[in-house]
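Per-entry structural report
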Amino acid sequence: MNRAKLPSFPDRLLEWWDRHGRKDLPWQQPRTPYRVWISEIMLQQTQVGTVIPYFEKWMDDFPDIRTLAHAPLDDVLTLWAGLGYYARARNLHKSALICAEKFSGNLPATAEALCSLPGIGLSTANAIISQSTDQPAAVLDGNVRRVLARHAAVEGWSGKTAVQKILWSEAEQRLPAARGADYTQAVMDLGATVCTRSKPGCDACPVAADCQALALSRVSDLPTPKPPIKVSEQTVHMLVVRDNHGRILLEKRPPAGIWGGLWCLPSGSTEARALASLGIAEVETEPLSPFEHKLSHIRMTICPLLLTAVEGTQVKCPANLGWFTSSEQDGLGLPRPVSNLLKKLNNGELN
DNA sequence: GATGCGTGGCG
DNA sequence: TCGCCAAGCAT
């Protein structure tokens, strides 16, 4: 038995990160609070490779909090289109307004104040603090949960409060005394590149020596997977209403719920009646091929219906409805299934 | 405590 | 192909 004392968990991780960690991600140069904040929100449930181009464009368009606060929400949502979880974009904009008003245009410095902003929970708050001030602060995202569940052999799905509590405690116990920024990046990089969900590289792991899951041969079944949920089936009728100029009627969705705040094809029978009240006559009604759109909880069957409006019938349009040309649609940032549908329509690939 | 919220990558 | 799920948070 080797009784030589191991370096601490954070020391081993930091030494590993110095040699193998990622140091060239866009939000790491420079690591300002604003840039770290935007990156952390974009990275929620979203992979690094997907985020990078959105982050670059964001920094071009909204280089600081005040610019973001003064920007129209529509511009923010348009940039966000395609990233998903659009509440994140609405919350960023709202938070920027709060910061401009209450914190003189800066992000607040404490975790408690950060958590008061919409869209920021404890993990994101601590990620912002540790990466922008270099103070050690515990984060608990998917990568860290996997590393800790294995290293400490924590049983149970992390969605359970009791399990979450243990993982937070394990995260805090492992914090270093200094180098908070590098440590946060290190533990996330370890989860992303070594302690991966499948085929983890335990041979290359700096903390394998005291990994409980490895000692117990439990690496492959920790962390405990999420119990299966049942996916609901939903049918949505999307109306493709064209006028004689080839423009298409779009509807701005209410701020909450799916695709909140985005322009979208009008959906459902209620909207169909609303169209009738606008005086839009249909000279032609043509069902297009239904297609599936899968979300995490819903299997959505989208049934497009092609309508052609008679000339001069679009008299008065409520604020949440508008006619858009093909090039105007591109600038709006439509939800993926909608933009895909319209693209096929323009290419004549439908019917 | 359970659900809702998007999209794309990957085995 | 298809199911899982990724740098979570709000309600």
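Conventions used here
Residue numbers here run from 1 along each chain, matching the order of that chain's written sequence. As a convention, the first chain written is A and the first ligand written is 1, with the rest following in written order. For a predicted model such as this one, the threshold for reporting local features is a pLDDT of at least 70, and the threshold for listing and counting side-chain atom pairs is 80 or more; totals across whole chains, interfaces and linings nevertheless cover every residue. Heavy atoms throughout the structure, all of them, feed into the side-chain values; hydrogens and water do not. Under the DSSP-based scheme used, a helix requires at least four consecutive residues in state H or I and a strand at least two consecutive residues in state E, with every element numbered from the N terminus. In this entry, domain limits derive from an automatic or database-based domain assignment. Simply put, the buried area is the total loss of 1.4 Å probe accessible area from both parts when two parts are fitted together. By definition here, a salt bridge exists when the distance from a side-chain nitrogen of Lys or Arg to a carboxyl oxygen of Asp or Glu is within 4 Å. Polar contact criterion, stated in full: a pair of N or O atoms within 3.5 Å, where within protein one must be able to donate a hydrogen and the other to accept it, and residues adjacent in sequence count only if both atoms are side-chain atoms. Amino acids outside the nonpolar list (Ala, Val, Leu, Ile, Met, Phe, Trp, Tyr, Cys, Pro) and the charged list (Asp, Glu, Lys, Arg) are all regarded as polar, and Gly is one of them. Proximity criterion: a residue is near a molecule or strand once any of its heavy atoms comes within 4 Å of it. A 1.4 Å probe that fits into a set of points on a 1 Å grid over the protein atoms alone but cannot get out defines a cavity; an open set with protein on both sides within 12 Å along at least five of seven lines defines a pocket, and lining residues are those with an atom within 4 Å of a point. Grid points are joined across faces, edges and corners, and a volume is the space filled by probe spheres set on the points.

1. Observations concerning unusual backbone geometry
Here glutamine 29 and proline 30 are connected by a cis peptide whose omega angle stands at -5°. Residue proline 223 is bonded to the preceding leucine 222 through a cis peptide linkage, with omega at 0°. By secondary structure assignment, the location of proline 223 is in the loop between α12 (212-215) and β1 (232-242). Even without being a glycine, glutamine 45 presents a positive backbone phi close to 55°.

2. With respect to the domain arrangement of chain A
For chain A, the assigned domains read domain 1 (9-221) and domain 2 (232-346). Taking only C-alpha atoms into account, the centre of domain 1 sits 37 Å from that of domain 2. Between domain 1 and domain 2, a total of about 740 Å² is buried, with carbon and sulfur atoms accounting for 49% of that surface. Per-residue buried area on domain 1 facing domain 2 is highest for Thr78, Tyr86 and Arg90; these three make up 51% of the total on that side. On inspection of domain 1 and its partner domain 2, the count reaches 1 salt bridge. The residue aspartate 74 makes a salt bridge to lysine 252 at a minimum N-O spacing of 2.8 Å. At the junction of domain 1 with domain 2, the criterion picks out 4 residue pairs in polar contact (both at pLDDT 80 or more). If one sorts the elements of the side of domain 1 that touches domain 2 by residue count, helix α5 (residues 73-80) sits on top with 3 residues. For the side of domain 1 that touches domain 2, a count of residues per class yields 5 nonpolar, 2 polar and 2 charged.

3. Some thoughts on the protein's contact with DNA strand B
Among the 22 residues in the neighbourhood of DNA strand B, the closest are listed as Tyr85, Tyr86, Thr161, Trp259 and Arg336. In DNA strand B, atoms within 4 Å of the protein come 60% from sugar and phosphate. Within the side chain of threonine 161, an N or O atom sits 2.4 Å from a phosphate oxygen of DNA strand B. The set of elements that each furnish at least two residues to the surface near DNA strand B consists of β5 (291-294) and α15 (336-346). Split into classes, the residues belonging to the surface near DNA strand B amount to 9 nonpolar, 10 polar and 3 charged.

4. Digging into the layout of surface pockets
Here the largest pocket is characterised by a volume of approximately 1,600 Å³. For the largest pocket, the lining is made up of 49 residues, of which Gln45, Asp141, Gly142, Asn143 and Arg145 are closest to its centre. For the lining of the largest pocket, the secondary structure elements donating two or more residues are α8 (122-133), α9 (142-151), α10 (161-173) and α11 (180-193). With 6 residues, α9 is the largest single contributor of residues to the lining of the largest pocket. Counted by class, the lining of the largest pocket contains 23 nonpolar, 17 polar and 9 charged residues. Empty space within the second largest pocket amounts to approximately 450 Å³. For the lining of the second largest pocket, the class distribution of residues is 9 nonpolar, 7 polar and 3 charged.

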